[in-house]
Amino acid sequence: GENVEQHPSTLSVQEGDSAVIKCTYSDSASNYFPWYKQELGKRPQLIIDIRSNVGEKKDQRIAVTLNKTAKHFSLHITETQPEDSAVYFCAAPSGGYQKVTFGTGTKLQVIP
Amino acid sequence: EPEVTQTPSHQVTQMGQEVILRCVPISNHLYFYWYRQILGQKVEFLVSFYNNEISEKSEIFDDQFSVERPDGSNFTLKIRSTKLEDSAMYFCASSEDTGRPPGAFFGQGTRLTVV
């Protein structure tokens, strides 16, 4: 099955700085990679995803890069704001893409 | 905006009791999922459901668990004999098709506490 590793587990940045979260996966057949943001006590919310036919995708201050050869993908948040503080999870599907394996999460703290 | 809704928001049950968690997926979605999240840990896949049958399940989803779509709108997760370690937040999710990331739309969750 799919094994997803995520680093770092915690990340503190000053407001305005950039944050980078990295994930690796094991199933070479995986072909799309979502990122979720989870605020305390709330549900996970899909914030961006990338498919294996592209190497990078950007949505305002959020970008995701994918290296299929190395089997890793990263989330980049630029110009961080206090409201970006949350736990971020990467994920990768396996099997018939109905099963999603989540990373262990990164707790991001943006210090005003 | 359409939402996945879950009831109850919090359920307390005694060990060994059966519980049923309920979900109403978004109406035009075809794929349904249950996940769980033990406090402070990652989200774990339990099961996916399509065309009135389980399409995938994890090793967590043993014989104590079952899912059902009893009518055209509800999707339920039943735990037959709860254990202390079943205490977690349970999220239901749905998707239109496999072109979207599975579980793109999560419900607000049911917090299950087994005492």
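Fair warning: this is a prediction, and the values are worked out from it, not measured in the lab.

Okay, the interface of chain A and chain B next. Each partner contributes to the interface: chain A provides 21 residues, whereas chain B provides 26 residues. The contact between chain A and chain B buries some 1900 Å² in all, and 55% of this surface belongs to carbon and sulfur atoms. The interface formed by chain A and chain B contains one salt bridge. We note a salt bridge from Arg43 of chain A to Glu3 of chain B, for which the minimum N-O separation is 4.0 Å. When residues of the side of chain A that touches chain B are assigned to their parent elements, the largest contribution, four residues, is made by strand S4 (residues 32-38) of chain A. When its residues are assigned to classes, the side of chain A that touches chain B shows nine nonpolar, seven polar and five charged.

Let us now look at unusual backbone geometry. Cis geometry is adopted by the peptide bond preceding Pro8 of chain A, which originates at His7 of chain A and carries an omega value of -5°. Along the polypeptide, Pro8 of chain A turns up in the loop between strand S1 (5-7) and strand S2 (10-14). With a phi close to 65°, Asn52 of chain B is a non-glycine residue in the positive phi region. As for its position among the elements, Asn52 of chain B is in the loop between strand S5 (43-50) and strand S6 (53-57).

What follows deals with the sheet that holds strand S1 (residues 5-7) of chain B. All names here are of chain B. Within the open sheet, the four strands sit side by side as S1-S3-S8-S7. Their pairing is antiparallel. Strands at the two margins of the open sheet, each flanked by one partner only, are S1 and strand S7 (65-68). The mean inter-strand angle of the sheet, taken between neighbouring strand axes irrespective of direction, is 20°. One ladder, built from four bridges, connects S7 with strand S8 (residues 75-79); its direction is antiparallel. Bridge pairing links Glu68 to Thr76 in S8.

All names here are of chain A. Read from one edge of the open sheet, five strands run S1-S3-S8-S7-S6, paired in antiparallel fashion. This sheet does not close on itself; its edge strands, each paired only once, are S1 and strand S6 (56-59). Each neighbouring strand pair of the sheet contributes to a mean axis angle of 15°, computed without reference to strand direction.

Residue and element names in this part refer to chain A. Applying the stated criterion to the full structure yields two disulfides over all chains. The disulfide that involves Cys23 links it to Cys90, with 1.9 Å between the sulfurs. Disulfide Cys23-Cys90: the torsion about the S-S bond is -95°, which places it as left-handed. Of the two residues, Cys23 sits in strand S3 (residues 19-24) while Cys90 sits in strand S9 (residues 86-94), which places them 67 residues apart along the sequence.

Before going further, it helps to examine the environment of His76 of chain A. All names here are of chain A. With respect to the element layout, His76 can be found in strand S8 (residues 72-77). For the pair His76 and Ala19, spaced 57 residues apart in the sequence, the C-alpha separation amounts to 5.8 Å. When near neighbours in sequence (up to four residues on either side) are disregarded, His76 contacts Ala19, Val20, Arg61, Ile62, Ala63 and Thr65.

The rules behind the values
- Residues numbered from 1 in each chain as written.
- Chains lettered and ligands numbered in written order.
- Predicted model: local features only at pLDDT ≥ 70, side-chain atom pairs only at ≥ 80, totals over all residues.
- Heavy atoms only, no water.
- Contact = heavy atoms within 4.5 Å.
- Buried area = accessible area lost by both parts, 1.4 Å probe.
- Salt bridge = Lys/Arg side-chain N within 4 Å of Asp/Glu carboxyl O.
- Helix = DSSP H or I, 4+ residues; strand = E, 2+ residues; numbered from the N terminus.
- Nonpolar A, V, L, I, M, F, W, Y, C, P; charged D, E, K, R; others polar.
- Pairing = 2+ DSSP bridges.
- Axes fitted to C-alpha atoms, helices over the stretch in contact; angles between N-to-C directions.
- Disulfide = S-S within 2.5 Å.

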